[in-house]
Every structure is written in C-alpha cells, then in structure tokens.
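This is what each chain is made of:
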Amino acid sequence: MQNHNNLNDIGVIGLGVMGKNLALNIADHHYRVSAFDLDPVKVQGLVTQEQQERAGQASRILGCADLRHMLDTLQKPRILVVSVPAGAAVDGVCSALIAAGIETDDIVIDTGNSLWTDTIAREARYQHQFIFFSSAVSGGEVGARFGPSLMPSGDPKAWQHVAPIWHAIAAKVDAKTGLPIERFEPGNPVTEGEPCAAYIGPAGAGHYVKMVHNGIEYADMQLICEAYQLLHAGLGMSALEVAAVFERWNQGRLNSYLLGISSEVLKQADPLTGKPLVDMILDTAGQKGTGLWTAVSSLQLGCPAPTIAEAVYARAVSTQKSLRGLLSQQLQGPRALTLTTSQQADLINALESALYCAKVCCYAQGFQLMAMTAKEQHWQLDFGQIAKIWRAGCIIRAGFLQSITQAYAADPELSHLLLAEGFTQELSEQQPLWRQAVVAAVMQGIAVPCISSALAYYDSYRCDTLPANLLQAQRDYFGAHSFERIDRPAGEHYHLDWPAAERTLSRIR
Ligand code: 6PG
C-alpha cells in the first residue's frame with residue numbers, strides 16, 4: 001500500500017470541489033497526497049481544511065507551489081489525478097506536465113466528464129510522454145469526498161498501480177444486500193464492503209459508460225419531474241404533498257438517490273419568502289452536454305434511446321421560456337378534469353407503476369447503447385460489473401440496480417434488459433397502469449415526454465410487425481430505394497416500377 005520513503009503516493013491537480021474532495025478522500029485512506037492548483041488560495045484552502053479535519057494528526061496532504069514541485073514529491077511511477085473541466089483544460093494540464101518533466105511511465109488520470117472519443121485521441125497523443133489513463137467519477141461533491149462510483153479505463157498496466165487507491169476511495173456496497181454502506185465522517189471512511197470501482201476497458205470505454213450513466217441520469221431526473229408535474233399541476237397537490245408521495249414511493253421498488261433528494265427538495269422552504277423553494281425556482285434547466293452526447297451517440301449507432309433524447313429535449317424546451325410564455329396565452333388545451341379522491345388515489349398508484357416501468361426502459365436503453373458501442377469498438381464490457389458499481393456512490397444509484405446486477409449474473413450475454421425474466425414479467429403486469437397514467441396526463445394536457453416515450457419504446461419492441469413495410473414502399477415509390485419481401489430470402493431486394501402505367505416488380509439484387 002503506502003510507501004515508506006518520503007515521497008507521496010499520488011498527486012491531485014485541480015482543486016475545485018471535485019479535486020479537493022477526492023484529495024481529502026484519498027488522504028482519509030492513509031495515502032499521502034501532493035496537491036496543486038493554479039490558484040494558490042485553493043491549495044492553501046485544502047491544506048487548511050485537512051488540518052482542521054485531522055487536528056493534532058500528521059498531515060497527509062502537501063500543497064505544491066507548481067507542477068515541478070509536485071513531480072519532485074511523488075514516488076515513481078507517478079500517479080497524477082487531473083480534476084479540471086472537460087475539454088481544452090485537460091490538454092492544458094498535459095502540456096504543463098510535459099514542460100514540468102513528466103516521465104514516460106508516469107500515469108495521468110483524467111477524472112472529468114470528457115468526451116470518450118477525446119480520451120481515445122489523448123491516449124494516442126501522449127503515448128510517448130506519459131500514460132494517459134482516465135477514470136470517470138460519479139457522485140458529485142459528497143461522492144468525491146466519501147465514496148464515488150469510479151469508471152476507470154485505459155492501459156491495464158496503469159490500472160494495476162491505480163487499483164488499490166481506487167478500490168479504497170470508492171463507495172462501498174454490502175455484498176449480501178447490495179445496499180450502499182454510507183458514512184459521511186471525515187477521517188472515518190468506509191473500508192468494508194464491495195468497492196464501486198471496476199476496470200471498464202480500453203481508453204474511452206470508461207468515459208463512454210459514464211456518458212451513458214449521465215444520459216440515464218437526465219432521463220431519470222426528467223421522469224421524476226414529470227411525475228411531480230402531474231401531481232402538482234394536474235392534481236393540484238402542494239410541494240409538501242408531492243414530497244410525501246415521493247417519500248412513500250422511495251420505500252419501495254422506486255428507491256433511489258434521485259427520488260430521495262427530490263422529496264427533500266420539495267420539503268425545503270424558501271429562506272426569503274417561506275414558500276416552498278421549488279415554487280420560487282425559475283423553470284429553465286441547465287446542462288453541460290453529457291446527456292446530449294448520449295442522445296447523439298444513440299442516433300449515430302441507430303440504437304433507440306428515445307427516453308434519454310426526450311430528457312435532453314425537455315431541458316431545451318424549458319429554456320425557451322419567453323416562447324412558452326407567449327404560446328401559453330395562445331394555444332388551447334383540454335379542460336381541467338376534476339377527479340374524486342379515489343380516482344386521485346388510483347392515479348397516484350398508476351403513476352408509481354408508470355415511473356417504474358419507464359425507469360426500467362431508460363436503463364434498458366442505456367445498457368443497449370453500451371452493448372452496441374462495445375461491439376463496434378471491440379470492448380469486452382462486463383454489464384453485471386457496471387450495474388454493480390452503479391449501486392452506490394453515483395447519482396443514478398437505485399435499489400433496482402441490484403435486480404439489473406442479478407439479471408446479468410443470471411445471463412451475462414443478456415441481449416436486452418427487457419428480456420430478463422423478472423423485468424419481462426413486471427412490465428407485462430404493470431403496463432395497464434402505465435397506460436392509465438399516460439392517458440391521464442394526455443387528458444389533462446400535461447406533457448410527460450419521458451414517461452410516454454418509454455411506453456412507445458416498450459410498445460415498439462413488443463410489436464412484431466411495425467409500419468416500416470409502408471415506409472419501405474414509400475421510399476421505393478419516390479426514390480427507387482427497393483424493399484425486401486417477407487416471402488423471399490433476406491438480402492433479396494425488389495423494386496416496383498411505380499411511375500409506369502403497368503407496374504412491374506423486378507428483383508434488383
Ligand atoms: C455525476 C454527475 C455529474 C454532473 C453532471 C451534471 O455522475 O456525478 O453526472 O457528472 O452532475 O455532469 O450534468 P448537467 O450539468 O449536464 O446536468
């Protein structure tokens with residue numbers, strides 16, 4: 001584990017919220033850290049925080065004046081964690097490390113939300129200067145501090161050096177129950193349980209998996225928001241009443257970090273007005289791009305991920321506030337429905353099913369995306385392992401990831417999550433309620449793009465004959481694009497001479 005000379009075990013470059021908390025987490029596990037940021041105030045802030053947290057004990061974090069200083073304080077091969085915004089800043093740090101004298105065996109770990117293809121390019125670009133490794137990190141600032149979910153990828157030899165530290169600092173799961181073991185105490189980290197860190201594959205694989213994680217995160221968040229909208233705007237429930245419903249749901253199969261924080265958010269009063277804070281927050285959503293990348297990837301692959309794409313669109317619509325303001329005055333919707341108390345209770349019950357089924361579909365979309373990209377990139381992704389490391393630490397951690405873990409354990413070659421026996425059965429049983437919730441939303445004029453697109457996804461996949469037969473005929477009609485026939489071998493293409501007076505069918509290849 002830790003070395004016994006005077007050199008430190010690992011360097012952390014970039015001491016924003018994530019870098020600072022990763023450094024403190026690593027130090028909690030008895031590793032000695034050299035830390036650097038272009039802003040000396042951040043370096044001093046970290047050193048001071050560590051001293052306060054570990055009062056009276058020897059410091060394990062050394063603040064460095066520059067990168068040369070950092071390199072001089074680290075044992076070789078050096079392990080350097082880079083925590084800077086994705087994009088040009090990563091290359092900025094790499095160039096500065098080259099100028100500071102980094103060596104070919106040293107390992108640079110990009111922990112930001114980099115675009116996966118950039119990671120592949122960087123590994124090649126820096127191969128003669130150092131080993132460019134990457135590890136996506138999920139869990140926000142609390143995760144970074146007390147146990148994130150980590151998705152490392154790149155040179156397997158580099159992973160051997162990084163693995164002990166990564167396994168130590170990662171979130172942990174109880175091996176028997178599959179539930180997170182959480183303790184948020186500086187200096188008293190969780191050391192027992194299964195770590196949520198596993199080698200994902202060659203360069204780019206970890207960032208691809210994290211990108212899909214974020215796509216699912218977008219969809220999962222939007223699904224919860226749609227349920228809130230239906231309960232709040234549709235049924236007229238207050239933020240506190242919706243919080244109570246979410247809390248109840250969170251005790252069951254919908255148990256997840258995101259649902260838990262949503263009910264907490266809904267209970268929060270605004271410090272300025274005393275009203276529910278959520279009612280005072282402007283309804284325009286931000287985004288940094290990872291959900292968009294996931295949707296783009298799905299379109300490029302031809303791998304349907306409509307619920308993830310709809311979640312990106314929902315954020316886009318939200319930003320068009322003035323247009324919505326204008327159209328809300330112009331466009332008619334349905335008359336508000338008045339539901340009896342028992343109808344309301346039925347709808348809340350149906351909505352719970354709808355949320356669960358849609359959630360299963362959005363995870364299924366994410367796993368199918370990963371499978372298709374893995375095939376294309378020749379990666380051997382272990383989906384059971386990926387589900388396992390998402391059970392704690394990350395933003396999409398949820399009780400039902402244990403069911404996904406079990407589904408892949410039962411069949412590591414599972415080609416689609418909806419084919420797993422448990423999910424097939426549950427969704428088949430629950431789909432009438434899912435439809436009821438969508439119908440109620442439609443009849444109330446409340447947009448539920450993710451809940452309803454997931455239902456369309458479900459219905460498309462269970463449909464043996466889609467109207468693509470007509471579509472192929474249309475393509476052949478105006479563009480002579482040809483079609484295959486159901487009564488002839490696959491690969492035989494036919495064209496009908498549509499413009500001719502006497503339409504003749506010919507086999508064209
Ligand atoms: C995580 C999060 C994290 C970040 C997202 C937010 O797993 O810890 O996904 O990476 O919260 O990038 O993305 P948006 O700003 O695009 O919502």
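Remember, it's a predicted structure, so these values are computed and weren't measured experimentally.

A. Spatial organisation of the packing of aromatic side chains. Enumeration over the complete set of coordinates arrives at 19 aromatic pairs. Ring centres 4.8 Å apart and planes at 65° place the aromatic pair Tyr457 and Tyr461 in the edge-to-face group. Separated by four residues within a single helix, Tyr457 and Tyr461 lie in helix α19 (residues 449-461), roughly one turn from each other. In this structure Tyr457 comes out as buried when scored by relative accessible area, which is 3%. Through successive ring pairs, a cluster of aromatic residues spans Tyr356, Tyr363, Phe400 and Phe423. Directly above the aromatic system of Tyr218 lies the positively charged group of Arg315, at a separation of 3.5 Å from the ring centroid.

B. How the structure looks around the site of the ligand. Around the ligand lies a shell of 14 residues, among which Asn113, Ser138, Glu217, Tyr218 and Lys288 are the nearest. Between Ser138 and the ligand, the recorded distance is 2.4 Å, taken from a side-chain N or O atom to an oxygen atom. Here an oxygen atom of the ligand and a side-chain polar atom of Glu217 are 2.6 Å apart. Here the ligand, which alone exposes 410 Å², has 80% of that area covered by the protein.

C. Inspection of the nonpolar core at higher detail. Formed by 96 residues in total, the largest nonpolar core has its most connected members in Phe246, Trp249, Tyr363, Phe367, Trp390 and Trp434. No other element matches helix α15 (residues 341-377), which puts 18 residues into this core. Three or more residues apiece are contributed to this core by two domains, here domain 1 (10-203) and domain 2 (207-461).

D. Examining the domain arrangement of the protein chain more closely. One can read the domain layout of the protein chain as domain 1 (10-203), domain 2 (207-461) and domain 3 (468-507). Using C-alpha coordinates to define each centre, domain 1 is positioned 31 Å away from domain 2. Across the interface of domain 1 and domain 2, roughly 2300 Å² is buried in total on both sides, 64% from carbon and sulfur atoms. Taken together, the connections running from domain 1 to domain 2 amount to two salt bridges. For Glu182, the salt bridge identified is with Arg397, shortest N-O distance 3.5 Å. Inspection of the region where domain 1 meets domain 2 yields seven residue pairs in polar contact (both at pLDDT 80 or more). If you list the elements that add at least two residues to the side of domain 1 that touches domain 2, you get α5 (116-125), β6 (131-138), β7 (149-153), β8 (172-173) and β10 (194-195).

E. Structural detail: the sheet that holds β10. On the basis of which strands lie adjacent, the open sheet formed by three strands has the order β9-β8-β10 and antiparallel pairing. One side of each edge strand has no neighbouring strand; the edge strands of this open sheet are β9 (180-181) and β10. Where β8 and β9 come together, two bridges link them in antiparallel fashion. Counterpart to Lys172 in the pairing with β9 is Ile181.

F. View of the side chain of Arg122. Tracing the backbone shows Arg122 in helix α5. The buried category is assigned to Arg122, whose relative accessible area is 2%. The contact partners of Arg122, leaving out residues within four places of it in the chain, are Gly87, Val90, Asp91, Asp110, Ser114 and Phe132.

G. View of the packing of helix α12 (residues 290-301) against α15. Contact geometry for α12 and α15: axes closest at 11 Å, N-to-C directions at 60°. Regarding the angle of α12 to α15, the classification is oblique. Classified by chirality, the crossing of α15 by α12 is left-handed. Contacts between α12 and α15 involve Thr294, Ser297, Ser298 and Leu301 from the former and Leu369, Met372, Thr373 and Glu376 from the latter. Looking at the contact of α12 with α15 residue by residue, the classes come out as three nonpolar, four polar and one charged.

H. Representation of the environment of Val242 in the model. As for its placement among the helices and strands, Val242 is situated in helix α9 (residues 239-249). In this structure, the C-alpha to C-alpha distance between Val242 and His232, residues ten residues apart in sequence, is 7.0 Å. Contact partners of Val242, with chain neighbours within four places excluded, come to Tyr228, Leu231, His232, Met237 and Leu266.

I. Local environment of the pattern of salt bridges. The full count for this structure, using the stated rule, is 24 salt bridges. As a salt-bridge pair, Arg324 and Asp283 come within 3.1 Å of each other at their nearest N and O atoms. Here Arg324 is found in helix α14 (residues 321-330), whereas its partner Asp283 is found in the loop between α11 (277-280) and α12, with 41 residues between them in sequence. In this structure Arg324 comes out as partly exposed when scored by relative accessible area, which is 27%. Judged by its relative accessible area of 37%, Asp283 is partly exposed. Because the salt bridges share partners, they merge into one network encompassing Asp28, Glu50, Glu53, Arg54 and Arg145.

J. Geometry of helix α4 (residues 88-100). Spanning 13 residues, α4 covers 18 Å between terminal C-alpha atoms, matching the ideal 18 Å at 1.5 Å per step. Residues of α4 that are buried make contact with β1 (10-13), α3 (67-72), β4 (79-82), β5 (107-110), α5 and β6. Immediately beyond the C-terminal end of α4, within one or two residues, lies Gly101, with a positive phi of roughly 100°.

K. How the structure looks around the sheet that holds strand β2 (residues 33-36). An order of β3-β2-β1-β4-β5-β6-β7 is seen for the seven strands of this open sheet, with the pairing classed as mixed. If you trace the sheet from one side to the other, it starts and ends with β3 (61-63) and β7, each paired once. Pairs of neighbouring strands in the sheet enclose a mean axial angle of 25°, with direction left out of account. Pairing between β1 and β4: three bridges, direction parallel. When the bridges of β4 are listed, Val12 appears paired with Val81. Each of β1, β4, β5, β6 and β7 is contacted by helix α7 (residues 156-169), which is oriented at about 50° to β5, the strand it contacts most.

Calculation notes
- Residues numbered from 1 in each chain as written.
- Predicted model: local features only at pLDDT ≥ 70, side-chain atom pairs only at ≥ 80, totals over all residues.
- Heavy atoms only, no water.
- Phe/Tyr/Trp six-rings, centres within 6.5 Å; stacked < 30°, edge-to-face > 60°.
- Helix = DSSP H or I, 4+ residues; strand = E, 2+ residues; numbered from the N terminus.
- Buried < 20%, exposed > 50% of the residue type's maximum accessible area, 1.4 Å probe, protein only.
- Lys NZ or Arg CZ within 6 Å of the ring centre and 35° of its normal.
- Near = heavy atom within 4 Å.
- Polar contact = N/O pair within 3.5 Å; in protein donor to acceptor, adjacent residues only side chain to side chain.
- Areas by Shrake-Rupley, 256 points an atom, 1.4 Å probe, with all protein chains shown as cover.
- Core = buried A, V, L, I, M, F, W, Y, C linked by side-chain atoms within 4.5 Å.
- Domains from an automatic or database assignment.
- Buried area = accessible area lost by both parts, 1.4 Å probe.
- Salt bridge = Lys/Arg side-chain N within 4 Å of Asp/Glu carboxyl O.
- Pairing = 2+ DSSP bridges.
- Contact = heavy atoms within 4.5 Å.
- Axes fitted to C-alpha atoms, helices over the stretch in contact; angles between N-to-C directions.
- Parallel < 35°, antiparallel > 145°, perpendicular 65-115°, else oblique.
- Left-handed = near helix turned anticlockwise from the far one by under 90°.
- Nonpolar A, V, L, I, M, F, W, Y, C, P; charged D, E, K, R; others polar.
- Expected span 1.5 Å × (residues − 1).

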